[in-house]
There are 2 protein chains.
Amino acid sequence: MKVVIQAKKNLLESNTALANKLRQNFFKAGVTVFNLMSSPGAGKTTLLEETVEILSKQHKVGVIEGDVATDFDAERIARKGVPVIQVNTGSTCHLDASMIADSLDNYPNWQDLDMLFIENVGNLLCPATFDLGEKKRIVLLSTPEGEDKPLKYPLMFQKADMVLITKIDLAEVLNFDRVKVCSDISKLNPKAKYLEVSSQTGEGISQWLKYLVPGTT
Amino acid sequence: MKVVIQAKKNLLESNTALANKLRQNFFKAGVTVFNLMSSPGAGKTTLLEETVEILSKQHKVGVIEGDVATDFDAERIARKGVPVIQVNTGSTCHLDASMIADSLDNYPNWQDLDMLFIENVGNLLCPATFDLGEKKRIVLLSTPEGEDKPLKYPLMFQKADMVLITKIDLAEVLNFDRVKVCSDISKLNPKAKYLEVSSQTGEGISQWLKYLVPGTT
């Protein structure tokens, strides 16, 4: 058991070192990087489809899609006319910094981007541990998952810069307790920003875009 | 990197060896063990609450709850009058066989149980890799997660004995494609049983109970 823990510690240390190097490179190139994380099915790809469709009219936007298997999500993003790299992680349940570095090697002129969105593997735990060199961590929690999840998966919420409550249009029919979830998140992470959104009704989307590109009206 | 892979392989081998030993012990004691797995918020605890409330009238039923943090789920099960052990896995994103062995050490007279339900950590990937000595693997997929998830997280579905599509009462409002999800699962795993259920409306619950206790009417 001791060997495993040691191996993991070294793995995390080398991941963080590489992530810091990536962050410097992104900063130098003027690329703002967002790491989107959530459970499977919380609506990351749907929100990204909508986001890149709007932002790509005025900005150079790119996407890296992380999935255990398939390139379904990359296909969805590519249909919006935005360059996208699909990373299949196989047996690994999260993206890590080396996967992002490899992606950039295959991403022509990534330095010209204004914004790069990284959609992590659907998993509310492990992705929180692996820095990808991002500027901001965006965590999505969908109303069907239930308001108890921040306390049950605290690390993800503690390390978030922005928490999006998605599928907020379903809150009422699901008896989702908006007050409790907001209160729990603010206790776990008083600095996190918090926003309720719905890709169905458009609620909160303009605030989300303002968060991504301050000054947008 | 090589060290890490090797460590994981040894970890998996020792986990499987312990799981096989547990399985023998469960078999000798006449305890049927079910390992419930899904994404966070797919409805494992809600289904278990309902299940143990009904089955405990005629059978000796026990529960082991796996969560990264909190004992909320154990509290919910305990309210049904069923003995329950909460395992907090901390930074580990799944239960493993050693955690089950430790739980049994703290579970008075587990040998007297007819059935033991293990609720795994909410995660659609890693729990699939760790045998817990169960007889049957039950995988829940909730309609809000979307019908694309079996192909995106294939291992979990390939190793399932039973796939439950939960929150089926929401299928219509969410445009959930029941035909596609059933077709994809049957291709990934032709031997898996398949059932649509709703804890809200009761749909499929009697068939679920029949699956657990063949001969139940």
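See the structure shown above.
Residues numbered from 1 in each chain as written. Chains lettered and ligands numbered in written order. Predicted model: local features only at pLDDT ≥ 70, side-chain atom pairs only at ≥ 80, totals over all residues. Heavy atoms only, no water.

Draft legend 1. Broad picture of the nonpolar core. Residues Met156(A), Phe157(A), Ile165(A), Met156(B), Phe157(B) and Ile165(B) are the most contacted members of the largest nonpolar core, which totals 44 residues. Counting residues per element, the ones that place at least two in this core are strand 5 (136-142), helix 6 (154-158), strand 6 (162-166) and helix 7 (178-188) of chain A together with strand 5 (136-142), helix 6 (154-158), strand 6 (162-166) and helix 7 (178-188) of chain B. Apart from residues no more than four positions distant in its own chain, Phe157(A) is found in contact with Leu124(A), Val139(A), Leu141(A), Lys149(A), Pro150(A), Val163(A), Ile185(A), Leu188(A) and Asn189(A). (Core = buried A, V, L, I, M, F, W, Y, C linked by side-chain atoms within 4.5 Å. Buried < 20%, exposed > 50% of the residue type's maximum accessible area, 1.4 Å probe, protein only. Helix = DSSP H or I, 4+ residues; strand = E, 2+ residues; numbered from the N terminus. Contact = heavy atoms within 4.5 Å.)

Draft legend 2. Structural detail: the relation of the copies chain A and chain B. Rotating chain A by 180° about the axis while translating it 0.0 Å along that axis superimposes it on chain B, leaving an RMSD of 0.0 Å. The transformation relating the two chain copies, once decomposed into turn and shift, fits a two-fold axis. Looking at the interface residues of chain A, 97% of them are also at the interface in chain B, so both copies use one shared face. (Least-squares fit on C-alpha atoms with pLDDT ≥ 70 in both.)

Draft legend 3. Region of interest: the interface of chain A and chain B. On the chain B side, the residues contacting the 36 residues of chain A number 35 residues. Between chain A and chain B, the buried area comes to about 2700 Å², and carbon and sulfur atoms account for 68% of it. Our count for the contact surface shared by chain A and chain B stands at 4 salt bridges. Residues Lys152(A) and Asp67(B) are paired through a salt bridge, measuring 3.5 Å at the closest nitrogen-oxygen approach. Here chain A and chain B share 6 residue pairs in polar contact (both at pLDDT 80 or more) between them. Sorting the residues of the side of chain A that touches chain B by element identifies helix 1 (2-29), helix 3 (72-78) and helix 5 (149-152) of chain A as the ones contributing at least two each. With 5 residues, helix 1 of chain A is the largest single contributor of residues to the side of chain A that touches chain B. (Buried area = accessible area lost by both parts, 1.4 Å probe. Salt bridge = Lys/Arg side-chain N within 4 Å of Asp/Glu carboxyl O. Polar contact = N/O pair within 3.5 Å; in protein donor to acceptor, adjacent residues only side chain to side chain.)

Draft legend 4. Highlighting unusual backbone geometry. Positive phi is not limited to glycine here, since Thr70(A) has a value of about 75°. Here Thr70(A) falls in the buried class, since its relative accessible area comes to 18%.

Draft legend 5. Structural detail: helix 8 (residues 205-212) of chain A. All names here are of chain A. Among the residues making up helix 8, those that are buried are Ile205, Trp208, Leu209, Tyr211 and Leu212. For helix 8, the buried positions fall inside an angular range of 155° around the axis, keeping them on one side. As for helix 8, its buried residues are in contact with strand 1 (32-37), helix 2 (44-55), strand 4 (115-119), strand 5, strand 6 and strand 7 (193-196). (Arc of directions from axis to C-beta.)

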